[in-house]
Amino acid sequence: MNNFKQLLSVAILLISATVIGQTRLTGTVVDETNEPLPGANVIEKGTSNGTQTDFDGKFTLNTKASSGAIVISFIGYEKVEIAFDASKTNLGTIQLKESGNLLDEVVIKGIIDVVKDRQTPVAASTIKAREIQEKLGSQEFPEILNNTPSVYATKSGGGFGDARINVRGFSQENMAVLINGVPVNDMENGAVYWSNWAGLSDVTTAMQMQRGLGSSKLAISSVGGTLNIITKSTDLKEGGSVTSSVGNNGYFKNAFSYNTGMNENGFAASFLLSRTAGDGYVDGTRFEGYNYFIGLGLQKGDHNFQFMLTGAPQVHNQRTTSFFNMATLADYIQYGKTYNYNHGYLNGTEFNWRKNFYHKPLTSLNWTWDINENSTLTTSAYASFGRGGGTGDLGRLGGRFASDKVFRDPNTGLVLWDEIVKANSGQEGTFSNGFTYTNPVDPTTGQFIVNDDELRSDDLPAGLERRNGLVRRAGINSHNWYGVLSNFSTQLNDNLALDFGIDLRSYTGIHYQRIDNLLGADGYRDNDDINNPLAVQTTEYSSTIGSLWNVFKSSDDEEKVTYYNDGKVRWFGAFGQLEYVGDEVSAFVQGAVSQQGFKRIDYFRYLDSEPEQETDWENIIGGNIKGGINWNIDENHNVFANGGYYSKQPLFDAIFLNNTNDVNSNPRNEKVIGVEAGYGYKNDRFRANVNLYRTSWKDRFISISSRFDGENATADIQGVEQIHMGAELDFAYNITEDITFLGMFSYGDWKYGSTVSARYLDNNNSPILDDDNNPIVETLYLEDVRVGDAAQTTIRLGLDIKPFENFKIDYNQRFVDRLYARINAEDFDDADHNGSLRLPGYALADLGMSYKINLNNNSRLNLRLNINNLWNTEYIAESATNYAAEEGDRTFQGINTDNKVFFGYGRTWNFSVRYNF
């Protein structure tokens with residue numbers, strides 16, 4: 001009994017000592033804008049005892065000691081260490097500062113080069129997931145960048161995912177887009193199709209717009225800039241979210257995501273699935289899209305593995321950007337600003353000449369090996385299988401192209417689909433202006449066959465008519481793409497680091513057309529396949545979203561029309577970087593070299609027995625060298641400068657001329673020289689950046705088309721030069737803890753720098769001769785012509801206000817000016833031209849409101865309302881033509897109404913509810 005009493009006394013004493021030694025700490029963790037930081041780590045220093053902040057940034061921690069220190073950390077922010085004792089248990093509000101290395105910490109481990117604040121001498125803007133989730137709403141993904149300097153993003157034709165973006169006056173074909181360090185620009189033409197990545201906003205952790213030459217070590221064509229998109233990491237705490245949002249024109253989106261968190265075996269997984277659908281703001285642009293994401297991670301000792309699979313199958317009707325099928329300004333005045341030239345109703349159902357359907361899953365496996373405390377090897381293997389394409393018209397009906405206005409109702413502008421079906425099927429189709437047509441029966445088949453519009457009368461069997469119908473075809477642009485990136489990094493000493501690696505890629509583009517809808521006809525007679533002339537194709541192939549999921553389905557047996565060819569590109573690259581990081585000065589020098597090989601296989605133009613059907617590999621060397629230096633003058637001020645030179649290989653179409661296997665005898669690399677200088681200032685309440693830049697782009701390749709004596713002709717022009725100079729400013733000022741003032745200003749001076757000439761060639765790539773038997777030469781007077789398709793002046797002013805707890809309002813005003821029409825080089829064949837067409841400037845206001853409701857068990861509801869173009873401003877976003885207004889011309893806001901334009905969206909809205917658990 002005495003022993004029991006003694007043991008009990010000891011136990012009570014130990015428990016009392018433990019309780020007395022513990023301290024219960026409380027506090028709130030916020031960022032520099034005083035927004036709560038949920039999920040921040042709070043650890044008692046020297047122990048494994050810790051917790052995480054809740055959705056309001058609040059925490060409670062029972063410490064093991066009565067005094068000591070806690071360490072607070074959060075991804076992308078500097079760690080904070082705070083002392084505590086028995087007299088200081090409520091630590092109040094703790095503010096964390098951005099570390100400048102945000103993207104370093106949130107990336108999937110791989111080869112991702114990011115700009116670090118006050119270290120990397122490159123101009124950049126970083127947008128985090130929270131801003132994307134709140135402010136993007138139902139906008140297109142690139143539009144979130146419109147508030148950053150020298151960026152102009154529009155919805156273009158207005159279809160789902162049809163947006164485009166320009167940076168410092170360069171189109172997205174001439175900027176590098178990377179997803180987790182993997183290049184996604186098309187390897188044949190450099191294009192980026194945002195509809196292929198329609199769900200990217202759901203899985204983006206952060207995105208960084210690096211303007212100018214950028215910080216990527218790869219030999220990529222970042223003429224205007226590099227957009228680095230970082231997707232969800234599996235290194236997240238356990239939890240998930242359910243989101244539902246609605247918007248104008250039937251917009252409806254649902255998304256579900258879940259993260260397992262890392263278990264004791266070092267394994268973690270993230271999953272996301274979403275669906276988006278709607279009728280579209282523009283007439284006849286209904287859409288449906290899905291997005292899926294699977295991320296698996298495993299940490300085993302010095303090795304980290306990350307697997308990712310993401311894709312976004314989608315189908316959407318379009319308003320074409322094709323010059324011949326675009327509506328004029330006069331059409332919009334007559335039919336409304338949302339008019340769609342390709343739209344109408346077939347048997348009472350929405351039908352469109354233009355429909356995009358695509359599925360491009362991207363999968364990657366990233367392996368990081370920490371060899372020792374100084375050296376790391378990172379390797380990323382990836383694959384992408386793109387399947388799909390876009391529809392359009394094929395043939396002529398009664399000798400008329402589908403763009404002819406007789407096929408549209410003069411009162412509504414809608415395509416008369418039912419009448420086209422009647423005409424194709426042997427019934428009389430009645431169109432505008434009294435035009436009628438009936439397709440005769442084909443005497444060889446007893447059916448109604450639409451004939452290839454390029455067929456000559458003597459090619460057809462007796463009794464058949466030329467140009468006797470219209471069908472909807474689908475142009476297929478599928479691809480198989482494989483790549484490996486590997487980078488070895490070693491810390492030579494405390495200040496100096498060396499990186500070098502390889503970049504290997506293999507790409508095959510598969511291009512052909514097939515019949516999508518015969519529109520009442522029984523078949524289509526095609527004469528473009530030399531191996532199967534006058535073939536009648538009768539199969540209609542589906543372009544629904546259900547047909548897209550199986551990306552491994554073979555297309556070899558599909559009936560093909562018009563053209564069928566493969567484009568092959570292989571890439572061998574090597575790169576290296578030496579970087580110095582000191583207390584005040586940091587600098588880097590990079591170099592990269594690549595060999596691009598090009599091969600073309602044409603199954604239609606050449607006999608199967610001819611060796612000319614497949615070309616040899618055409619190999620071209622390119623590369624770049626660049627460097628920069630940053631000086632942190634003190635804790636507030638820094639300056640930087642960078643410069644570089646690119647020798648950029650020409651695109652695929654500059655190697656093989658006029659869509660044939662004829663090889664350009666003198667392809668020239670494009671030369672890019674860029675220089676930039678910047679200044680930054682930062683204190684507790686105010687931060688600002690100023691940049692000056694100049695980029696020259698020489699030996700550009702442009703192909704233009706014309707007709708001589710009824711025959712098609714092309715002129716392939718080399719030697720075009722562009723010079724882009726400008727200044728940029730962005731700032732943020734925390735007026736109070738609850739009010740932040742944001743601003744941006746960019747001014748560009750973007751012009752063409754040379755007058756060039758070229759000879760016109762016929763379909764056989766032979767020079768076209770004039771009446772004196774001399775080659776017809778086209779001279780284009782481009783010198784000092786303004787570069788078009790992007791605003792050369794942009795201004796942004798915004799306010800973020802928190803009137804009371806859990807409620808936030810953000811208002812943004814954007815000004816656009818010195819916006820010029822798209823440059824068609826052939827418009828400047830006269831030295832006495834009017835220059836680029838300047839479109840009217842405009843100002844747009846956006847309003848957003850957020851409210852969060854805290855629930856039990858660390859769950860929360862987030863409510864968000866976005867209103868874009870608040871005041872319903874009417875404006876022209878872009879023009880494909882440069883027709884000046886002459887005396888007597890009809891005009892709209894001073895613009896000739898014959899110009900082919902797109903109006904921007906009017907007022908749109910989106911409301912979302914997000915449940916986090």
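The preceding data block contains the structure.
**Student:** What's the story with a negative patch on the surface in this structure? I'm lost.
**Tutor:** Taken together, Asp827, Asp829, Asp830 and Asp832 make up a surface patch of like negative charges. Positionally, Asp832 belongs in the loop between strand S45 (807-820) and strand S46 (838-839). For Asp832, a relative accessible area of 66% corresponds to the exposed category.

**Student:** What is the right way to look at the sheet that holds strand S7 (residues 90-95) in this model?
**Tutor:** Across the sheet, which stays open at both edges, the 3 strands sit in the order S4-S1-S7 with mixed pairing between neighbours. Every interior strand has two partners, whereas the edge strands, strand S4 (58-63) and S7, have only one. Averaged over neighbouring strand pairs, the angle between their axes works out to 25° when direction is ignored.

**Student:** Could you clarify how one ought to interpret the nonpolar core in this entry?
**Tutor:** Side chains of nonpolar character tend, in soluble globular proteins, to be buried together. In this structure, Tyr152, Ile704 and Ile717 are the most contacted members of the largest nonpolar core, which totals 46 residues. In terms of residue count, the dominant contributor to this core is strand S40 (residues 711-736) (4 residues). The contacts of Ile717, once residues within four sequence positions are left out, are Arg700, Phe701, Ile702, Ile704, Val756, Ser757, Ala758 and Leu780. Residues Ala153, Val167, Leu272 and Leu362 belong to the second largest nonpolar core, which totals 27 residues.

**Student:** I'm lost on the sheet that holds strand S5 (residues 68-73) in this one. Help?
**Tutor:** What holds strands together in a sheet is hydrogen bonding between their backbones, with the strands either parallel or antiparallel. Across the sheet, which stays open at both edges, the 4 strands sit in the order S3-S2-S5-S6 with antiparallel pairing between neighbours. Every other strand in the sheet has two partners, leaving strand S3 (50-52) and strand S6 (80-84) as the edge strands with one partner each. Shown here is a sheet whose adjacent strand axes are inclined to one another by a mean of 20°, direction ignored.

**Student:** Please explain the environment of Ala312 as it appears in this structure.
**Tutor:** Mapped onto the fold, Ala312 is located in the loop between strand S20 (303-311) and strand S21 (314-317). Note on Ala312: relative accessible area 3%, which makes it buried. C-alpha of Ala312 to C-alpha of Glu778: the two residues are 466 residues apart in sequence and 44 Å apart in space. Non-local contacts of Ala312, meaning those with residues more than four positions away in its chain, are made with Ser195, Asn196, Ala198, Gly199, Tyr290, Asn291, Tyr292, Tyr358 and His359.

**Student:** How should I be thinking about the environment of Arg668 in this particular structure?
**Tutor:** Examined against the element boundaries, Arg668 turns out to sit in the loop between helix H7 (652-655) and strand S38 (670-682). The class for Arg668 is partly exposed, based on a relative accessible area of 32%. As for Arg668 and Phe407, which are separated by 261 residues in sequence, their C-alpha atoms are 44 Å apart. In this structure Arg668 touches Pro650, Asp699, Gln718 and Gly719, once residues within four positions along its chain are discounted.

**Student:** How should the environment of Ser156 be read in this particular structure?
**Tutor:** Among the structural elements, Ser156 can be located in the loop between strand S9 (151-154) and strand S10 (164-167). Along the primary structure Ser156 and His343 are separated by 187 residues, whereas in three dimensions their C-alpha atoms are 17 Å apart. Beyond its immediate stretch of four places on either side in the chain, Ser156 contacts Asp162, Arg164, Arg319, Thr321, Glu878 and Phe902.

**Student:** Explanation requested: the pattern of salt bridges in the structure shown.
**Tutor:** When the charged atoms of two side chains with opposite charge come close together, those side chains can pair. Following the criterion strictly, the structure yields 34 salt bridges and no others. The partner of Asp331 in a salt bridge is Lys405, and the shortest N-O contact between them spans 2.9 Å. Here Asp331 is found in helix H5 (residues 329-335), whereas its partner Lys405 is found in the loop between strand S26 (375-397) and helix H6 (417-424), with 74 residues between them in sequence. Judged by its relative accessible area of 4%, Asp331 is buried. Salt bridges here are not isolated pairs; linked through shared partners, they connect Arg164, Asp789, Arg822 and Glu878.

**Student:** Whenever I open this one, the packing of aromatic side chains confuses me. Can you help?
**Tutor:** Centre distance and the angle of the planes are the two values used to describe a pair of aromatic rings. Tallied over the full model, the rule gives 36 aromatic pairs. Both rings, one in Phe160 and one in Phe287, keep their centres 4.6 Å apart while their planes meet at 5°; by these two values the pair is stacked. Linking Phe160 in the loop between S9 and S10 with Phe287 in strand S19 (residues 287-300), this pair joins segments that are 127 residues apart in sequence. On the accessibility criterion, Phe287 (10% relative accessible area) is buried. Clustering of aromatic rings is evident, with ring pairs tying together Tyr332, Tyr335, Tyr339, Tyr341, Phe892 and Phe903. Over the aromatic face of Tyr905 sits the side chain of Lys155, whose NZ or CZ is 4.5 Å from the ring centroid. One Lys or Arg, Arg408, reaches over the ring of Tyr341 and ends 3.9 Å from the middle of that ring.

Parameters and conventions
Residues numbered from 1 in each chain as written. Predicted model: local features only at pLDDT ≥ 70, side-chain atom pairs only at ≥ 80, totals over all residues. Heavy atoms only, no water. Patch = residues over 30% accessible without salt bridge, like charges linked within 9 Å, V, L, I, M, F, W, Y side chains within 5 Å. Areas by Shrake-Rupley, 256 points an atom, 1.4 Å probe, with all protein chains shown as cover. Salt bridge = Lys/Arg side-chain N within 4 Å of Asp/Glu carboxyl O. Lys, Arg positive; Asp, Glu negative; His and termini not counted. Charge placed at Lys NZ, Arg CZ, Asp CG, Glu CD. Helix = DSSP H or I, 4+ residues; strand = E, 2+ residues; numbered from the N terminus. Buried < 20%, exposed > 50% of the residue type's maximum accessible area, 1.4 Å probe, protein only. Pairing = 2+ DSSP bridges. Axes fitted to C-alpha atoms, helices over the stretch in contact; angles between N-to-C directions. Core = buried A, V, L, I, M, F, W, Y, C linked by side-chain atoms within 4.5 Å. Contact = heavy atoms within 4.5 Å. Phe/Tyr/Trp six-rings, centres within 6.5 Å; stacked < 30°, edge-to-face > 60°. Lys NZ or Arg CZ within 6 Å of the ring centre and 35° of its normal.

None of the figures reported here should be taken as evidence of function without further support.
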